[in-house]
Amino acid sequence: MEAAWPVADPHLANKTLPAVRVATCTYAGPYDGLEKAYGAVFAWINNNGYQVKVTTREVYINDPVVTPPEQLVTEIQIPIQTGK
């Protein structure tokens, strides 16, 4: 697992994530519901002839410390490539 957050000053960054083609899903709700969102994205990938390329990414849009679980927003990004 690797954690990252965006910074405005590029001199403060110690790593830049590479640009990749992704299948993405924006999920709203408590984190324990992410499994269903992942299932939907993987189903779309399989049904549309893509293959998973590398490790998935999750972007947390709001702060779980101050946001009620039902209002949490998470973007799932799964890097893909065309199937063989």
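On a predicted model such as this, the values are computed, not experimentally measured, just so you know.

### A few points about the nonpolar core
Right, on to step 1. Counting 11 residues, the largest nonpolar core is built from A23, C25, Y27, L34, A37, Y38, V41, I45, I76, I78 and I80.
Right, on to step 2. Elements supplying a minimum of two residues to this core: β1 (22-28), α1 (34-47) and β4 (73-82).
Right, on to step 3. The element that contributes the greatest number of residues to this core is α1, accounting for five residues.
Right, on to step 4. Beyond its immediate stretch of four places on either side in the chain, I80 contacts R21, V22, A23, W44, I45, Y50, Q51 and K53.

### Quick word on the layout of surface pockets
Right, on to step 1. Roughly 1,200 Å³ of internal volume is contained in the largest pocket.
Right, on to step 2. Taken together, 24 residues make up the lining of the largest pocket; nearest its centre are E2, A3, A4, W5 and L17.
Right, on to step 3. No other element matches the four residues that strand β3 (residues 57-60) contributes to the lining of the largest pocket.
Right, on to step 4. The residue makeup of the lining of the largest pocket, split by class, is 15 nonpolar, five polar and four charged.

### A few points about the packing of aromatic side chains
Within a pair of aromatic rings, the relevant descriptors are the distance that separates the centres and the angle that separates the planes.
Right, on to step 1. Per the counting criterion, the structure on display carries three aromatic pairs.
Right, on to step 2. Ring centres of Y38 and F42 lie 6.3 Å apart, and the angle between their planes is 25°; this geometry places the pair in the stacked category. Of this pair, Y38 and F42 are both found in helix α1, four residues apart, which corresponds to roughly one turn of the helix.
Right, on to step 3. Overall, F42 belongs to the partly exposed group, its relative accessible area being 31%.

The rules behind each value
Residues numbered from 1 in each chain as written. Predicted model: local features only at pLDDT ≥ 70, side-chain atom pairs only at ≥ 80, totals over all residues. Heavy atoms only, no water. Core = buried A, V, L, I, M, F, W, Y, C linked by side-chain atoms within 4.5 Å. Buried < 20%, exposed > 50% of the residue type's maximum accessible area, 1.4 Å probe, protein only. Helix = DSSP H or I, 4+ residues; strand = E, 2+ residues; numbered from the N terminus. Contact = heavy atoms within 4.5 Å. 1 Å grid on protein atoms, 1.4 Å probe; cavity = no way out; pocket = protein on both sides within 12 Å on 5 of 7 lines; lining within 4 Å. Points joined across faces, edges and corners; volume = space filled by probe spheres on them. Nonpolar A, V, L, I, M, F, W, Y, C, P; charged D, E, K, R; others polar. Phe/Tyr/Trp six-rings, centres within 6.5 Å; stacked < 30°, edge-to-face > 60°.

Distances and angles like these do not, on their own, reveal function.
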